[in-house]
Amino acid sequence: MTASISGLISGPVRLEELDLTMDVVAAALAAADRESAHCSELDPPILEGLLRWGRATRALREQLVPQGWTYDNPNNLARTIHPSGDFAVVLATGDEGTGLPSTGAGPRHTRGYATEQAIHANGQLAFEFGSLLHLAAAGRSAGLGHLQTWFLLYHPEPEHFRAELSLPRGIDRGRITRWTERILLPPLPRGAPVAAPVVRLAEARS
């Protein structure tokens, strides 16, 4: 592990300390890829990314819930919660820096109120006591509790996913600005693409 302006940089062995494995992450992303591969040009442009995120979240839970993990969705923040109750994992599509040690990383899209409160809870020990009370109250009102929230970021490339499991501690205007730790994963191969049905637009309108 090495220090970085992005926080501590760790390797995949660190997953074991969080009761996670490369196989679990790879299986979740593979399931998501199979689902989203059926999209075609007739679908709304955002559907492929939404399907991949939703199916990856479900596939992660399908593997972890039998091991004692739980889940909830406060304000649509889809958390998969460790049996200890100390931390949760949230999946998100990552930006171009995902999985790369030499750059910053973050979710591809801006995040909302629930993510903001979760990240404030992650970094609350850096705040003064009065701010702690304010943030704790805000977190409770959002239904977020006091656990840490890690982000499993994934960025699809033609042949593989770049991915990392990282713990944010700063956010500004919906963009994550600082990380406590980034666990960088090796490239995860993508399966053979599924041939989506080819429908000519003229036929679709007939």
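Residues numbered from 1 in each chain as written. Predicted model: local features only at pLDDT ≥ 70, side-chain atom pairs only at ≥ 80, totals over all residues. Heavy atoms only, no water.

> Quick rundown of the overall build of the protein? Include the residues and the values.
The secondary structure content of the protein amounts to five helices and seven strands. Tracing the protein from N to C terminus, the helices and strands come up as β-α-α-β-β-β-α-α-β-β-β-α. Relative to its 206 residues, the protein shows a buried fraction of 43%. In the protein, 61% of the contacts between residues at least 6 apart in sequence involve partners at least 24 apart. By element, 56% of the accessible surface of the protein is carried by carbon and sulfur atoms, the whole surface being about 11,100 Å². (Helix = DSSP H or I, 4+ residues; strand = E, 2+ residues; numbered from the N terminus. Buried < 20%, exposed > 50% of the residue type's maximum accessible area, 1.4 Å probe, protein only. Contact = heavy atoms within 4.5 Å. Areas by Shrake-Rupley, 256 points an atom, 1.4 Å probe, with all protein chains shown as cover.)

> Which residues make up the nonpolar core, and what are the values?
Core analysis: the biggest nonpolar cluster contains 27 residues, and Leu20 and Leu165 have the highest contact counts within it. Broken down by element, this core gets its largest block of residues, six residues, from helix α1 (residues 22–36). Discounting residues that sit within four places of it in the chain, Leu20 has contacts with Leu15, Leu64, Trp69, Val89 and Leu165. Ala118, Leu153, Ile176 and Trp179 belong to the second largest nonpolar core, which has eleven residues in total. (Core = buried A, V, L, I, M, F, W, Y, C linked by side-chain atoms within 4.5 Å.)

> Explain unusual backbone geometry residue by residue, including any values.
The phi dihedral of Asp19 is positive, around 60°, even though this residue is not glycine. Within the fold, Asp19 resides in the loop between β1 (8–10) and α1. Judged by relative accessible area, which is 43%, Asp19 ranks as partly exposed. Not every positive phi belongs to a glycine, and Asn75 is a case in point at roughly 50°. Relative to the assigned elements, Asn75 resides in the loop between β2 (70–72) and β3 (79–81).

> Account for the side chain of Asn122, with residues named and values stated.
Structurally, Asn122 can be placed in helix α3 (residues 113–122). Not counting residues up to four positions away in its chain, the partners in contact with Asn122 are Leu147, Gln148, Thr149, Leu167 and Pro168.

> I'd like a rundown of the packing of α1 against helix α2 (residues 47–64), residues and numbers included.
Closest axis-to-axis distance for the α1/α2 pair is 7 Å, and the angle between their directions is 140°. When the axis of α1 is compared with that of α2, the two are oblique. Regarding α1 and α2, the two cross each other, and that crossing is right-handed. From α1, Asp23, Val24, Ala27, Ala28, Leu29, Ala31, Ala32, Asp33, Glu35 and Ser36 reach across to α2, where they touch Glu48, Leu51, Arg52, Arg55, Ala56, Ala59, Leu60, Gln63 and Leu64. Of the residues assigned to the contact of α1 with α2, the class counts are eleven nonpolar, two polar and six charged. (Axes fitted to C-alpha atoms, helices over the stretch in contact; angles between N-to-C directions. Parallel < 35°, antiparallel > 145°, perpendicular 65-115°, else oblique. Left-handed = near helix turned anticlockwise from the far one by under 90°. Nonpolar A, V, L, I, M, F, W, Y, C, P; charged D, E, K, R; others polar.)

> Hey, could you go over the pairing of strand β4 (residues 87–93) for me, with residue numbers and the actual values?
For β4, a buried count of seven out of seven residues is recorded, marking the element as mostly surrounded by other parts of the structure. Here β4 shows a buried face lined by Phe87, Val89, Leu91 and Thr93 and a second buried face lined by Ala88, Val90 and Ala92. Pairing analysis gives two bridges linking β3 to β4, with the strands arranged antiparallel. When the bridges of β4 are listed, Thr80 appears paired with Val89. (Pairing = 2+ DSSP bridges.)

> Describe the packing of aromatic side chains, listing the residues and the values that go with them.
Two numbers describe a pair of aromatic rings. These are the distance of the centres and the angle of the planes. Enumeration over the complete set of coordinates arrives at two aromatic pairs. Ring geometry for Trp69 and Phe87: centres 5.9 Å apart, planes at 85°, overall edge-to-face. With a gap of 18 residues between them, Trp69 in the loop between α2 and β2 and Phe87 in strand β4 connect regions that are remote in the sequence. A relative accessible area of 9% places Phe87 in the buried class. With a centroid separation of 6.2 Å and 80° between ring planes, the pair formed by Tyr154 and Phe161 is classed as edge-to-face. The pair Tyr154 / Phe161 is uniform in exposure class, with both members buried. (Phe/Tyr/Trp six-rings, centres within 6.5 Å; stacked < 30°, edge-to-face > 60°.)

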